[in-house]
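A structural walkthrough
So the chains spell out like this:
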Amino acid sequence: MKYTAALGALAMSLVACGDAEMFIPDVNLASSVAVTTWFGDRIVSVAVVGDLDGDGLDDAIITSGLRVHGEDAQAAVYSYIAYGGPPAGEVDVATLPALVSEARVISAAAAGDVDGDGFADVLLSISAQTACAEGAPEAAQHGGVYLLYGSATRLTGRLDASVAAAYLRDPLPCTSTGAESVPLGDIDGDGLADFAITSLPGFNGGLPFIDTHPLFVFYGAAARHSGTVDVTAAADATITASNLQAFRAGDIDGDGRSDFFLIHNAFDGAALVNRDRIALVLGSATRLAGEVAPAGLAAATFTAEHANATGGYALGDLDGDGRDDVVFNLGPENGNGLNHALLFYGREGGFTGTIDLATADARATSKHVFGVMTFAAGDLDGDGSRDLVVADPSVAGFNGGVHVLTGANATGRLSGEIDFGTLAATYVGMTQLIDCPDGPSTCPQAQVFGAAMGIGDLAGNGRADVLVAAPVLDGGDDLIQLSRVFQMSFPPVSNP
């Protein structure tokens, strides 16, 4: 049976914005699932990043975005660190320790244990979008990634990100719209986590389109990076093709090493093209080194005409068959249609040759052309099986929603078009009433619940929590936007 739950300011009315669909929650379960709510101005992302301090609890990074206009413009971005612990109710992110950066940090990602010291490490991706055109500080004009190493000593207060973390930086300013960090897992089987860095294609502040950046691969090492590091010189290997995207696959072939996927984007002068092939690169004890051409790396290729692949998610073993499963995100074809996602369960013998994307085991479709779904999996209720969580910020007129499919391997594999109305519990956001900049009246803004999501055990009870960002639809730089991150914790399964 489908049910929904409103998460947000419970006293606020749900209103329709423009022609957005009216969505009235059937059941209000906020008090039973939202155990901690962090709030602050312009929260843009959240990520569960593993156990940074070695206390046995997962931790999270909450990023507050840069406001570049208005009288109260911020000169820096804050990456707040929410250490795991018992439920805390309402928490102002301003009370949390934070990394502060002039560079525009846009997201965090769990790197794994890169240096083998037993603590989780974090990658913070930096965007240079619009920086060059607006005359931002020189530090903000470079793409790159901060690598923050975990430690038993918790961070406190406000710390300069470029001091607290290694800065893996593109040495040339204004040559990309920023960087994207890609946790790869342990691709060579040495027990250390590996990662990659790729530059984001696009137009940077009116500069010509950028179509020149490869994928830089870094293997884990006990020797730490420190200070400002030239990413082009420090990388262990460089996969030499323009505008490569990558994402972790998990252990697709079951050999104990992580694998990853590559998407090669080309540009025809007007738009990204040729995103119709997704290459599977298998982990190997033989490391990549130097400059490596992508040709010959692919153990298998997933393809379809006009697939418009944009990324994907490693889900682990959803169906309990011992093989990891994966989702591919596909965008609208030529800007038309809806975003959709394709689920492939791991196959006996792994994937080889050319696989038609049309043969996916299951498919999910977003509610809107601008709705990009996020996928994660973990054991939410302690029954020993992985549950599937899908965030779609376009649900309910962009108030957003999160679909939770518990017992993903209890009732057989998903197949065909996934019917969230039948199979999932869906938690939706609520329209927020924000103080308008020109008077005492309030402006309704969509909450965009599900714009970012992470999963992990922050409470230490053996069950995964789901952290969901609700940044509120951008109503202009002059609006103070009270954004939230909800920690959703689910009750354990009762065994008779």
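Structure shown above.
First, a word on what this report is: a plain description of the structure on this page. (Residues numbered from 1 in each chain as written. Predicted model: local features only at pLDDT ≥ 70, side-chain atom pairs only at ≥ 80, totals over all residues. Heavy atoms only, no water.)

**Section: the overall build of the protein chain**
For the protein chain, the count of helices and strands is 5 helices and 39 strands. Accessible surface, the protein chain: about 19400 Å² in total, of which carbon and sulfur atoms supply 52%. (Helix = DSSP H or I, 4+ residues; strand = E, 2+ residues; numbered from the N terminus. Areas by Shrake-Rupley, 256 points an atom, 1.4 Å probe, with all protein chains shown as cover.)

**Some words on the environment of Val231**
With respect to the element layout, Val231 can be found in helix α3 (residues 231-234). Looking at Val231, the relative accessible area reads 4%, which means it is buried. Val231 sits 62 residues away from Arg169 along the chain, and the two C-alpha atoms are 5.4 Å apart. (Buried < 20%, exposed > 50% of the residue type's maximum accessible area, 1.4 Å probe, protein only.)

**Things to note about the nonpolar core**
Phe261, Ile278, Phe302, Phe328 and Phe344 are the most contacted members of the largest nonpolar core, which totals 20 residues. Ranked by residue count, the leading element in this core is strand β26 (residues 325-330), at 3 residues. Apart from the residues within four sequence positions on either side, Phe328 is in contact with Phe247, Phe261, Ile278, Phe302, Gly311, Gly312, His340, Ala341, Leu342, Phe344 and Leu357. (Core = buried A, V, L, I, M, F, W, Y, C linked by side-chain atoms within 4.5 Å. Contact = heavy atoms within 4.5 Å.)

**Re the sheet that holds strand β13 (residues 179-185)**
Two orientations exist for strands paired in a sheet by backbone hydrogen bonds: parallel and antiparallel. The strand order across the open sheet built from 5 strands is β13-β14-β15-β17-β23, with neighbouring strands paired in mixed fashion. The sheet is open, and its two borders are formed by β13 and β23 (290-292), each paired with just one other strand. The sheet shows a mean angle of 25° between the axes of neighbouring strands, taken without regard to direction. For β13 and strand β14 (residues 194-199), the ladder comprises 6 bridges, and the chain directions are antiparallel. The residue bridging Pro183 from the neighbouring strand is Phe195, located in β14. (Pairing = 2+ DSSP bridges. Axes fitted to C-alpha atoms, helices over the stretch in contact; angles between N-to-C directions.)

**Side note on the side chain of Asp325**
In this fold, Asp325 is placed in strand β26. In this structure Asp325 is buried but unpaired, with Arg413 as the nearest side chain of opposite charge at 5.9 Å. There is a polar contact of 2.7 Å between the side chain of Asp325 and the backbone nitrogen of Leu318. A polar side-chain atom of Asp325 sits 2.7 Å from the main-chain amide nitrogen of Gly346. Not counting residues up to four positions away in its chain, the partners in contact with Asp325 are Ala249, Tyr313, Ala314, Leu315, Gly316, Asp317, Leu318, Asp319, Phe344, Tyr345 and Gly346. (Lys, Arg positive; Asp, Glu negative; His and termini not counted. Salt bridge = Lys/Arg side-chain N within 4 Å of Asp/Glu carboxyl O. Polar contact = N/O pair within 3.5 Å; in protein donor to acceptor, adjacent residues only side chain to side chain.)

**A short note on the environment of Glu102**
As for its placement among the helices and strands, Glu102 is situated in the loop between β7 (98-101) and β8 (104-112). Judged by relative accessible area, which is 44%, Glu102 ranks as partly exposed. It is 4.5 Å that separates the C-alpha atoms of Glu102 and Ala76, two residues lying 26 residues apart in sequence.

**Comments concerning the packing of aromatic side chains**
Taken as a whole and judged by the stated rule, the model has 15 aromatic pairs. Seen from their ring centres, Tyr146 and Tyr167 are 4.9 Å apart, and the 40° between their planes marks the pair as tilted. One end of the pair, Tyr146, is in strand β10 (residues 144-148); the other, Tyr167, is in strand β12 (residues 166-169), with 21 residues separating them in the sequence. Classification of Tyr146 by relative accessible area gives buried; the value is 3%. Judged by its relative accessible area of 5%, Tyr167 is buried. Taken together, the aromatic side chains of Phe247, Phe261, Phe302, Phe328, Phe344 and Phe351 make up a single cluster linked through ring pairs. (Phe/Tyr/Trp six-rings, centres within 6.5 Å; stacked < 30°, edge-to-face > 60°.)

**Considering the pairing of strand β24 (residues 300-303)**
Of the two faces of β24, the one holding Ala300 and Phe302 and the one holding Thr301 and Thr303 are both buried throughout. In the sheet, strand β22 (residues 277-281) pairs with β24 via 4 bridges, with the strands oriented antiparallel. By the bridge assignment for β24, Ile278 is matched with Phe302. Relative to strand β28 (residues 353-356), β24 is paired through 4 bridges, and the arrangement is parallel. Bridging from a neighbouring strand, Phe302 pairs with Ile355 of β28.

**Observations concerning the pattern of salt bridges**
For the structure on display, the rule yields 11 salt bridges. When the shortest N-O distance is used, the salt bridge between Arg154 and Asp53 registers 2.6 Å. Here the residue Arg154 occupies a position in the loop between β10 and β11 (158-160), and Asp53 occupies one in the loop between β3 (43-50) and β4 (59-64), the gap between them amounting to 101 residues. Relative accessible area serves as the criterion here: at 38%, Arg154 is assigned to the partly exposed category. The class of Asp53 is buried, set by a relative accessible area of 8%. Between Asp319 and Arg413 there is a salt bridge, and its shortest N-O distance comes to 2.8 Å. You can see Asp319 sitting in the loop between β25 (309-316) and β26 and its partner Arg413 sitting in the loop between β32 (401-405) and β33 (416-417), a full 94 residues away along the chain. A relative accessible area of 16% places Asp319 in the buried class.

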